[in-house]
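Summary of the model geometry
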Amino acid sequence: MIRDFAIVWSERDLLLSGLGNTTILSVLSAIAGLVIAFVLTPALMSKRRWLALAVRVFVDGMRCVPFLLFAYIVYYGLPSFGIRLDNWSSGLVALTVYHAAYLAEILRGAWAAQPREPLEAGVAFGFSGPRLFRRIILPPLLLAAGPIIGNQMIQIVKDSAFLTIIALPELTHAASSIQSRHYVPFAAFITAVFLYWGLCLIIEAGVSGIDRLAAARR
Amino acid sequence: MSTADILAILQGAVVTVTLSFVGILIGLPIGLGLALLRWADVPVIARIVAVYVSVLRATPLVTLLLLLFFALPNVGIAIGPVSAAILALVMNTSAFNCEVWRAALMNFPKEQYEAAQSVGMHASLRFRRIVLPQIVRVSLPGLVNEMSLLIKVTPVLAVVGVVDITRAAVRIGAETYEPLPPFLVAIAMYAPIVFALVSLQRFIERRQLAAEAA
Amino acid sequence: MGMTNDMAVLDVAGISKRFGDLQVLSDISFTVTRGETVCVLGPSGSGKSTLLRCINWLERPDAGQIYLNGDRIGINNGGVVMSDRELSRVRTRIGMVFQHFALWPHLTVLQNLMEAPVQVQKRPVAEVREEAMALLAKVGLSDKCDVFPARLSGGQKQRVGIARALAMKPDVLLFDEPTSALDPELVGEVLLVMRELAREGRTMVIVTHEMGFARDAATRILFMDRGRVVETGRPERFFVSPDTERARQFIQRYAAG
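So, the packing of aromatic side chains
In the structure shown here, the tally under the stated rule is 16 aromatic pairs over all chains. Taking the centre distance of 6.1 Å and the plane angle of 20 degrees together, the rings of F67(A) and F162(A) count as stacked. Residue F67(A) is located in helix α4 (residues 67-80), and its partner F162(A) is located in the loop between α7 (129-160) and α8 (171-182); the two are separated by 95 residues in the primary sequence. Per residue, the accessibility class of F67(A) equals that of F162(A), and both read buried. Every member of this aromatic cluster is reached through a ring pair, and the members are F67(A), F70(A), Y98(A), Y102(A) and F162(A). When the ring centre of W104(C) is taken as origin, the NZ or CZ atom of R164(C), which lies over that ring, is 4.3 Å away. The ring of F239(C) carries the charged tip of R215(C) above its face, separated from the ring centre by 4.9 Å.

So this is what it looks like as structure tokens:
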């Protein structure tokens with residue numbers, strides 16, 4: 001058994017590059033997803049019915065589709081529109097678009113639950129437009145939605161593992177390679193499991209940090 | 001794509017959904033059991049359960065599945081793709097269900113529990129008659145949510161060779177040299193099932209809100 | 001057993017309780033005889049509720065003994081702490097009414113009353129139902145029998161809470177600030193029911209801040225401060241000429257408020 005872990009250790013470069021890919025992929029798609037979500041959320045709440053409806057169909061649609069099948073669609077489908085992407089980019093696109101829908105719904109929920117009065121006070125004190133959004137609406141929104149966004153980030157990390165199927169060299173893919181090269185399945189995959197656990201613990205630590213900030217401001 | 005192909009995907013979908021529900025049915029009571037162990041704060045065991053839940057919640061289903069499928073035979077436990085799939089689903093969903101049940105238990109009003117004690121209900125009666133009916137109600141939306149999450153990750157079981165919706169779609173795509181259509185068909189079959197669960201969850205939440213408002 | 005007189009329903013002897021560094025109860029002793037209405041008064045944080053919760057062992061006292069009709073509560077004949085089942089058996093003889101009602105929200109009003117008599121005391125359903133309906137009539141809520149607690153006002157909830165305690169036919173009733181969580185206009189209906197019970201000669205221990213009720217309905221006042229029984233006596237004497245300075249200050253403050 002110790003010998004098995006020694007083999008995994010000897011392949012640490014492969015594993016670390018997998019971990020790096022998983023991390024970069026997750027962070028990039030979380031950021032890009034949030035940015036898209038910030039566009040989608042106002043649209044979801046828009047008074048223009050057709051716009052709200054269109055975004056609602058997209059958001060609810062994504063929430064009903066398994067990520068793996070969606071990733072296949074993006075991977076196989078984009079070329080038919082003349083877009084040629086490598087595994088890495090199409091994985092990133094799939095992860096980002098998919099989770100943007102979830103994040104938009106999270107932000108909408110948090111937005112709807114915000115009390116009206118501070119916003120009205122902001123308007124009364126002369127804030128408007130982007131400044132109102134940035135200074136008055138956004139901070140409490142992010143604090144309130146922080147824990148749920150954190151959960152979604154964990155979901156993104158976990159969904160990124162699906163991309164092993166389109167041969168994206170992320171953490172699970174690296175563990176698979178090590179296992180097939182040396183036949184040390186337990187050592188290879190349990191190491192991957194604990195690395196995923198570590199990533200999630202880091203995210204959870206971030207969430208509880210946000211929670212402490214939020215608790216002081218309630 | 002022929003009608004036979006569509007039927008093959010449908011068959012795959014049935015396999016996937018069946019496996020999900022088997023996983024849910026087994027995982028639900030196990031999750032409750034784990035939550036009770038943590039709630040009762042059984043020494044050592046409660047700690048072990050906490051770590052188990054934390055690790056399992058962080059582990060992607062694919063990784064867990066590959067671990068079970070390849071490593072268990074290595075230690076002398078023969079396991080087929082379907083058994084490995086069910087075991088992985090149960091381990092995954094029991095950890096999530098444990099958290100839903102535990103949240104309901106932690107928020108259970110102490111005074112109500114004491115009221116049951118004060119009329120002389122012993123522990124198992126208190127749990128069966130007073131606690132359980134209420135935590136089931138409180139946990140229901142969360143549990144249904146977990147179900148839809150589980151159903152959404154189940155298509156990954158194909159990775160160890162379960163002949164499910166994904167495998168059927170991949171095979172047909174390879175045969176016809178048109179990979180996209182079979183996946184669109186697969187999604188068209190799968191999405192309504194998830195949609196039904198999501199709607200069920202919203203329906204339950206709305207009904208409970210309405211009941212509280214009344 | 002030998003020390004308690006024949007009429008003593010409840011005998012509390014030398015109860016102490018400490019939460020961490022805080023001594024909540026110090027050496028509390030008193031007896032309650034059959035038909036007495038004992039009102040426990042005192043400033044907040046004086047340990048009144050903890051005392052009540054120690055009587056039926058929702059809180060485990062650190063020292064002292066409690067006897068119900070001569071039977072030791074909490075410690076069995078072998079001298080060890082009672083098991084959950086033994087405690088449960090004893091608790092059926094002590095009714096408790098809670099500050100926040102603690103009705104079970106998943107059961108209707110009638111089911112709330114019937115739950116313990118049927119499930120714990122294993123009495124026949126038909127008989128229990130008949131008695132429960134009679135109790136609901138007594139507290140003026142016959143028409144609410146099939147309603148869920150969420151639909152009741154606070155005063156109605158507490159009347160159900162009292163009926164639920166009575167349905168067990170307990171030897172003694174404990175009230176833990178039964179009107180503190182109520183809107184002022186709903187306090188009266190609950191006190192009315194409690195006065196009626198006092199008139200019937202039920203044995204009751206009531207923790208309350210309702211001075212008027214204590215003065216009229218109590219047969220005896222137990223005044224507590226900082227975890228001790230400071231003074232005890234008949235209400236006419238306690239409210240008019242208390243023995244201790246602390247009781248005098250307490251009465252003055254409430255008379256002013």
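What follows picks up the thread again.
Points about the sheet that holds strand β4 (residues 63-68) of chain C
Adjacent strands of a sheet form backbone hydrogen bonds with each other and so pair up, either parallel or antiparallel. Residues and elements named next belong to chain C. Spatial strand order, β2-β1-β4-β5: four strands in an open sheet with antiparallel pairing. A single partner strand is all that each edge strand has here, and the edge strands are β2 (22-33) and β5 (71-72). In the sheet, strand β1 (residues 8-19) pairs with β4 via five bridges, with the strands oriented antiparallel. In the strand pairing of β4, A13 is matched with Q65.

Side note on helix α1 (residues 3-39) of chain B
Residue and element names in this part refer to chain B. Across its 37 residues, α1 extends 53 Å between first and last C-alpha, which sits within 8% of the 54 Å expected from 1.5 Å per residue. If you look at α1, its biggest bend is around 30 degrees, right at G27, and the proline P29 turns up within four residues after that. One or two residues past the end of α1 sits D41, with phi positive at roughly 55 degrees.

Focus on the interface of chain B and chain A
Tallying the contact residues gives 34 residues for chain B and 39 residues for chain A. Summed over both partners, the interface of chain B with chain A buries about 3,300 Å², with 76% contributed by carbon and sulfur atoms. Applying the counting rule to chain B against chain A returns one salt bridge. For the salt bridge of D60(A) with R202(B), the shortest nitrogen-to-oxygen distance reads 3.5 Å. Seen at the junction of chain B and chain A, the total is five residue pairs in polar contact (both at pLDDT 80 or more).

A closer look at the pairing of β2(C)
Residues and elements named next belong to chain C. As defined by bridge partners, β1 adjoins β2 across eight bridges and the pair is classed as antiparallel. Paired with I15 across the bridge in β2 is I28. Count of turn residues in the β1/β2 antiparallel hairpin: two residues, of which G20 carries a positive phi of about 60 degrees.

Notes on the interface of chain B and chain C
The interface is formed by 21 residues belonging to chain B together with 27 residues belonging to chain C. Of the roughly 2,100 Å² buried at the junction of chain B and chain C (both faces included), carbon and sulfur atoms supply 55%. Taken as a group, E111(B), S118(B) and V119(B) account for 28% of the area that chain B buries against chain C, more than any other trio of residues on that side. In this assembly, chain B and chain C are joined by three salt bridges. For E114(B), the salt bridge goes to R53(C), with nearest N and O atoms at 2.6 Å. The interface formed by chain B and chain C includes 11 residue pairs in polar contact (both at pLDDT 80 or more). Sorting the residues of the side of chain B that touches chain C by element identifies α5 (110-118) and α6 (123-153) of chain B as the ones contributing at least two each. Its residues assigned to classes, the side of chain B that touches chain C comprises nine nonpolar, seven polar and five charged.

Observations regarding the arrangement of the chains
With two pairs of chains in contact overall, the contact-richest pair is chains A and B. Separated without contact, chain A and chain C have their nearest C-alpha atoms at a distance of 24 Å.

Digging into the environment of R89(C)
Residues and elements named next belong to chain C. Mapped onto the elements of the fold, R89 is located in helix α2 (residues 84-91). Residue classification places R89 among the exposed positions, given a relative accessible area of 56%. Separated by 32 residues in the primary sequence, R89 and Q121 have C-alpha atoms spaced 8.8 Å apart.

A few points about the pattern of salt bridges
Under the criterion given, the structure shown has 31 salt bridges over all chains. The shortest N-O distance in the salt bridge between E131(C) and R123(C) comes to 2.4 Å. Among the residues examined, R123(C) registers a relative accessible area of 15% and is labelled buried. Look at the salt bridges and you will find they share partners, linking R56(A), D60(A), R63(A), E105(A), R108(A) and R202(B) into a network.

Things to note about a nonpolar patch on the surface
The grouping of F81(A), I83(A), L85(A) and V93(A) at the surface amounts to a nonpolar patch, some 360 Å² of accessible area in total. Mapped onto the elements, I83(A) comes out in the loop between α4 and α5 (87-113).

Some thoughts on the sheet that holds strand β6 (residues 94-97) of chain C
Residues and elements named next belong to chain C. Read from one edge to the other, the open sheet built from six strands follows the order β6-β7-β8-β3-β9-β10, with strand pairing classed as mixed. Two strands in the sheet have a free side with no partner beyond their single neighbour: β6 and β10 (228-233). Direction aside, the axes of adjacent strands within the sheet are offset by 20 degrees on average. Relative to strand β8 (residues 204-207), strand β3 (residues 37-41) runs parallel, the two being bridged by four bridges. Paired with T37 across the strands is M204, a residue of β8. Packing of helix α1 (residues 48-55) onto the sheet brings it into contact with β3, β6, β7 (172-176), β8 and β9 (220-225), and relative to β7 it is tilted by some 145 degrees.

Conventions we followed
Residues numbered from 1 in each chain as written. Chains lettered and ligands numbered in written order. Predicted model: local features only at pLDDT ≥ 70, side-chain atom pairs only at ≥ 80, totals over all residues. Heavy atoms only, no water. Phe/Tyr/Trp six-rings, centres within 6.5 Å; stacked < 30°, edge-to-face > 60°. Helix = DSSP H or I, 4+ residues; strand = E, 2+ residues; numbered from the N terminus. Buried < 20%, exposed > 50% of the residue type's maximum accessible area, 1.4 Å probe, protein only. Lys NZ or Arg CZ within 6 Å of the ring centre and 35° of its normal. Pairing = 2+ DSSP bridges. Expected span 1.5 Å × (residues − 1). Bend = angle between axes of the 7 residues up to and from the residue. Contact = heavy atoms within 4.5 Å. Buried area = accessible area lost by both parts, 1.4 Å probe. Salt bridge = Lys/Arg side-chain N within 4 Å of Asp/Glu carboxyl O. Polar contact = N/O pair within 3.5 Å; in protein donor to acceptor, adjacent residues only side chain to side chain. Nonpolar A, V, L, I, M, F, W, Y, C, P; charged D, E, K, R; others polar. Patch = residues over 30% accessible without salt bridge, like charges linked within 9 Å, V, L, I, M, F, W, Y side chains within 5 Å. Areas by Shrake-Rupley, 256 points an atom, 1.4 Å probe, with all protein chains shown as cover. Axes fitted to C-alpha atoms, helices over the stretch in contact; angles between N-to-C directions.

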